[in-house]
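Overview (structure and organization)
As a plain string of letters, each chain reads:
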Amino acid sequence: QVRLVESGGGLVQPGGSLRLSCAASGSIIGINVMGWYRQAPGNERERVARITSDGSINYGDSVKGRFTASRDADKNTVYLQMNSLKPEDSAVYYCNAEGILHSTGWLDDSWGQGTQVTVSS
């Protein structure tokens, strides 16, 4: 069974920084895409950043220039460095993995349980 576990959320003041981490586990051989999404109350889930296996990164328009995603393929881990945080960045941040090859088969995608990020003074 594949599991994604996020860490690093919390409360931060406007203009501050946070770093999220997400580790995938479960006899994984390879993952095609890893990324981050977020969902604020009353809003739809939106893409924050998405990293393909060849290293291409796509960011959501609202976070470009402030957030940086990175990936360690050997550790099946993805990171999100969030700088210049704004109150509107407050949301539950979810880790996502697409195209997972593991020891017993193929999984289209998997989601973490989410980690809360709150930006407030």
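Here the structure is shown first, and the text comes after it.
Residues numbered from 1 in each chain as written. Predicted model: local features only at pLDDT ≥ 70, side-chain atom pairs only at ≥ 80, totals over all residues. Heavy atoms only, no water.

1. Thoughts on the side chain of D89
Structurally, D89 can be placed in the loop between strand 8 (77-82) and strand 9 (91-102). The exposure class assigned to D89 is buried, which follows from its relative accessible area of 1%. At 2.8 Å, the side chain of D89 forms a polar contact with the backbone nitrogen of K86. Every residue in contact with D89, bar those within four places of it in the chain, is listed here: R38, R66, F67, S84, V117 and V119. (Helix = DSSP H or I, 4+ residues; strand = E, 2+ residues; numbered from the N terminus. Buried < 20%, exposed > 50% of the residue type's maximum accessible area, 1.4 Å probe, protein only. Polar contact = N/O pair within 3.5 Å; in protein donor to acceptor, adjacent residues only side chain to side chain. Contact = heavy atoms within 4.5 Å.)

2. Some remarks on the pairing of strand 3 (residues 18-25)
In this structure, strand 1 (residues 3-7) lies alongside strand 3, joined through 5 bridges in antiparallel fashion. Bridge pairing links S7 to S21 in strand 3. Relative to strand 8, strand 3 runs antiparallel, the two being bridged by 6 bridges. Note on strand 8: the bridge partner recorded for L18 is M82. (Pairing = 2+ DSSP bridges.)

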